[in-house]
Amino acid sequence: MPAGSLLPLFGSPAGPGASGAALGGGALGGAGVRKVSGPSGAFRLTEKFVLLLVFSAFITLCFGAIFFLPDSSKLLSGVFFHSTKLRQQPPPPAQGEPRVPPPPPGAGGSSSSSSYGGGGRGGGAAAAAEGDAAEDLARIREDHERALREAKETLQKLPDEIRRDINQDKSNFLQNRPGRREPGAAELPDLPFRQPVGAAGKEPADPLVRQQRAKIREMMKHAWDNYKHYAWGLNELKPISKQGHSSNLFGNIQGATIVDALDTLYIMEMKDEFKEAKDWVEKNLDFNVNAEVSVFEVNIRFVGGLLSAYYLSGEEVFRKKAVELGKKLLPAFNTPTGIPWALLNIKSGIGRNWPWASGGSSILAEFGTLHLEFMHLSYLSGNPVFAEKVMNIRKVLNQLDKPEGLYPNYLNPSSGQWGQHHVSVGGLGDSFYEYLLKAWLMSDKTDEEGKQMYYDAVQSIETHLIRKSSTGLMYIAEWKGGLLEHKMGHLTCFAGGMFVLGADGAPADKTERHIELGAEIARTCHESYDRTSMKLGPEAFRFDGGVEAIATRQNEKYYILRPEVIETYMYMWRFTHDPKYRQWGWEAVEALEKYCRVDGGYSGVRDVYSNHQSHDDVQQSFFLSETLKYLYLLFSEDDILPFEHWVFNTEAHPLPVLSREEEGKRK
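Read on for a plain summary of the structure.

Calculation criteria
Residues numbered from 1 in each chain as written. Predicted model: local features only at pLDDT ≥ 70, side-chain atom pairs only at ≥ 80, totals over all residues. Heavy atoms only, no water. Helix = DSSP H or I, 4+ residues; strand = E, 2+ residues; numbered from the N terminus. Buried < 20%, exposed > 50% of the residue type's maximum accessible area, 1.4 Å probe, protein only. Contact = heavy atoms within 4.5 Å. Areas by Shrake-Rupley, 256 points an atom, 1.4 Å probe, with all protein chains shown as cover. Patch = residues over 30% accessible without salt bridge, like charges linked within 9 Å, V, L, I, M, F, W, Y side chains within 5 Å. Salt bridge = Lys/Arg side-chain N within 4 Å of Asp/Glu carboxyl O. Disulfide = S-S within 2.5 Å. Polar contact = N/O pair within 3.5 Å; in protein donor to acceptor, adjacent residues only side chain to side chain. Axes fitted to C-alpha atoms, helices over the stretch in contact; angles between N-to-C directions. Parallel < 35°, antiparallel > 145°, perpendicular 65-115°, else oblique. Left-handed = near helix turned anticlockwise from the far one by under 90°. Nonpolar A, V, L, I, M, F, W, Y, C, P; charged D, E, K, R; others polar. Expected span 1.5 Å × (residues − 1). Bend = angle between axes of the 7 residues up to and from the residue. Core = buried A, V, L, I, M, F, W, Y, C linked by side-chain atoms within 4.5 Å. Phe/Tyr/Trp six-rings, centres within 6.5 Å; stacked < 30°, edge-to-face > 60°. Pairing = 2+ DSSP bridges.

## Comments concerning the overall build of the protein
Part 1 of the argument: Scanning the protein from terminus to terminus reveals 22 helices and 18 strands.
Part 2 of the argument: Expressed as a percentage of the 667 residues in the protein, the buried residues total 55%.
Part 3 of the argument: Considering only intrachain contacts with a sequence separation of at least 6, the fraction spanning at least 24 residues in the protein is 70%.
Part 4 of the argument: Accessible surface computed for the protein: about 28200 Å², of which carbon and sulfur atoms make up 54%.

And the structure:
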């Protein structure tokens, strides 16, 4: 409908000339005042009447939903009090994000932000007005539908649950009200800082190893200096373009590389760089933003990075920031089952799941990878709510039947039932299993429930997923409704380290088997590197059609600076001291230097089988947090971050074991 036909609803224009100008001039613009009669006039009147009816019905529907359905405060905030800017919804996880669902084809690792108003500017004022109206209407409809969904979910709750949600909303409002400085800081208990064990180790005795470790430290400096020069304060670096890169996974929160790199800088004794990073966190790290974030990614990178930096340095700002952010993530758990949403607007507290995730399900690797950080948040804040949230996840899982003892990747947070029966130890599932084991280790081996869940899961994985190729390469397949897909992702390669880390706690007759599983997975993943032109591993590789440990699809041939293979080398070295793991690690260093290092930092590559470099132009924050840290530890003595005192979260942030004595004192 032309913009000019709407004018009579609000007032008459100065004359046809004005209308003509709005419509682009021409003959209409030069005519005198002219009354339009006949069928055309009747059409305008009918059109106005229809518009009026539609508008009235819409207003009635909106206000009916707001004032007659429960939890009206949430509906009001969702429908009327949102930002006037169009909210940009995060796409499915971009390539280059660790432990998240498989990325779309291509190997960029970047998430292109949508651009509103770009292109097509010659359409005139009428076209622009219609476009804006359509966008506003789509936004209002989306907010309204979300509000109705929340209302329906609220109707299913018990009165006690509704009252609890209302109290939680009030608490969130008080915590986030304007002018409040450092939320939660006043409530933090006095906690004497305990000097960390093994925060800095001895120099390697072997001169060659000492030289190799120094090279890895230089790689960290190259990555950090270029980030500081070209992208300081932004989330990540584009080393070819030499500018900043921000993934939608973090919303408007900035500084992912700074927070992710804090502990790496500390253990590498890069003191000046650590101080400037700490100063930035103190002055600039801001969580009071209107942003929809990935709960999983913000937890493992930001909460994990801040916790680790506090435990290593004792700087109180890191504890305060970690607890502040943890509180902002709590509304994600406001679901009928307590299984958290994947995405959360940390200002409004409204959550949702990825639209592609099996009918709106939450993802196992996401809601299952909160336990370590949230247990430490309760320890540091004195507030048990964080621990209660993650322990409730265990309760829900233990009430469910598991197909063949396996955990499907999708769980509906409203019904509490599994989604698609797709099981993976790679993307969508991986770090859930890792956190079961590490929760037991971090509890000073008192979390018997976590231990039992882990070893039962490994038994089912070995029975139903682990297979050997015709030439003897062991791999972990994916399970889809009872059928195996003989594919293994780069993300799955972390499992070699997990198996050997858990070998000591396995039943007596299984210890050697778990060590063997770790060694065999390490060998297979090394083969996936060795069978490429660049000696870097593809995103996924297959074992079918006569192919072994090779990517057969173009959208699986990229490498985005991932750490999982090197992570397994590091664990295998610590437990066996077999020199081949350092040899394999050094091969990876040489490949990174040859194919990924550029003047502006380090970049992923699009095809590891090609002889021609094609960079994706993203220096992932996890390259500094994980890949370089694991390499540094691989070429260090065992006294740095010893495993009996530290547990690494899935982003390689070391968290201390909560000893029984310490827990007793805190209680």
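Back to the write-up after that little detour.
## Things to note about a nonpolar patch on the surface
Part 1 of the argument: Taken together, the side chains of F49, V50, L53 and V54 define a hydrophobic patch exposed on the protein surface, amounting to about 390 Å² of accessible area.
Part 2 of the argument: Considering the arrangement of structural elements, one finds V50 in helix α3 (residues 39–68).
Part 3 of the argument: We classify V50 as partly exposed; its relative accessible area is 44%.

## What about the state of the cysteines?
Part 1 of the argument: All chains considered together, the criterion is met by one disulfide.
Part 2 of the argument: Across the disulfide, C493 is cross-linked to C525 (sulfur-sulfur distance 2.0 Å). Looking down the S-S bond of the C493 and C525 bridge, the torsion is -95°, so its handedness is left-handed. Taken as a pair, C493 in the loop between β13 (487–489) and α17 (495–501) and C525 in helix α18 (residues 511–530) lie far apart in primary sequence, 32 residues in all.
Part 3 of the argument: A relative accessible area of 1% places C525 in the buried class.

## Let's talk about the pattern of salt bridges
Part 1 of the argument: A complete count under the given rule lists 31 salt bridges for this structure.
Part 2 of the argument: The partner of K221 in a salt bridge is D225, with the nearest N and O atoms 3.2 Å apart. Placement of both K221 and D225 in helix α7 (residues 207–231) is noted, with a separation of four residues, approximately one turn of the helix.
Part 3 of the argument: Taking the relative accessible area as the measure of exposure, K221 reaches 36% and is therefore partly exposed.

## Quick notes on the side chain of T369
Part 1 of the argument: Mapped onto the secondary structure, T369 falls in the loop between α12 (364–367) and α13 (371–381).
Part 2 of the argument: When its relative accessible area of 0% is taken as the criterion, T369 is described as buried.
Part 3 of the argument: There is a polar contact of 2.4 Å between the side chain of T369 and the backbone oxygen of A365.
Part 4 of the argument: A polar contact is formed between the side chain of T369 and the side chain of S431, at a distance of 2.7 Å.
Part 5 of the argument: Excluding residues within four positions of it along the chain, T369 makes contact with F296, N299, I300, S431, F432, Y435 and T650.

## A word on the packing of α18 against helix α19 (residues 564–576)
Part 1 of the argument: Close contact between α18 and α19 brings their axes to 10 Å; oriented N to C, the two are set at 140°. One finds that α18 runs oblique with respect to α19. Crossing geometry of α18 relative to α19 is assigned as left-handed. Facing α18, whose interface residues are I515, G518, A519, A522, C525, H526 and Y529, α19 presents V565, T568, Y569 and M572.
Part 2 of the argument: In terms of residue class, the contact of α18 with α19 is made up of eight nonpolar, three polar and no charged.

## Considering helix α21 (residues 621–634)
Part 1 of the argument: For α21, spanning 14 residues, the distance from its first C-alpha to its last is 20 Å, which sits close to the expected 20 Å at 1.5 Å a residue.
Part 2 of the argument: Considering bend angle alone, the principal kink of α21 is centred on L628 and spans about 25°.
Part 3 of the argument: For α21, a buried count of 14 out of 14 residues is recorded, marking the element as mostly surrounded by other parts of the structure.

## So, the nonpolar core
Part 1 of the argument: Formed by 166 residues in total, the largest nonpolar core has its most connected members in F302, F499 and L536.
Part 2 of the argument: The dominant element in this core, judged by the number of residues it contributes, is helix α10 (residues 295–313), at twelve residues.
Part 3 of the argument: With residues up to four places along the chain from it excluded, the contact list for F302 reads N235, F250, I253, Q254, G255, A256, V259, L285, F287, E297 and L325.

## Quick notes on the packing of aromatic side chains
Part 1 of the argument: Overall, the coordinates contain 28 aromatic pairs when judged by the stated rule.
Part 2 of the argument: Plain terms: the ring middles of F274 and F318 are 6.1 Å apart, the flat faces sit at 65° to each other, and that makes the pair edge-to-face. One end of the pair, F274, is in helix α9 (residues 271–284); the other, F318, is in helix α11 (residues 316–329), and 44 residues separate them in sequence. Take F274 and F318: they sit in the same class, and that class is buried.
Part 3 of the argument: For the ring pair Y475 and F543, a centre distance of 4.1 Å and an interplane angle of 5° mean the geometry is stacked. With a gap of 68 residues between them, Y475 in strand β10 (residues 474–476) and F543 in the loop between β14 (540–542) and α19 connect regions that are remote in the sequence.

## A few points about the sheet that holds strand β4 (residues 343–345)
Part 1 of the argument: Taken together, the three strands give an open sheet; going across it, the order is β3-β4-β5, and neighbouring strands pair in antiparallel fashion. Two strands close off the open sheet at either side, each with one partner strand: β3 (292–294) and β5 (351–352).
Part 2 of the argument: Of the strands in this sheet, β3 and β4 touch α10, which is tilted by about 65° from β3.

## Overview of the packing of α9 against α11
Part 1 of the argument: It is at 10 Å that the axes of α9 and α11 come closest, and there the two elements cross at 45°. Here α9 is positioned oblique relative to α11, judged by the angle of their axes. Between α9 and α11 lies a crossing whose hand is left-handed. Here F274, K278, V281 and E282 of α9 come into contact with α11, specifically with V317, F318 and K321.
Part 2 of the argument: For the contact of α9 with α11, the class distribution of residues is four nonpolar, no polar and three charged.

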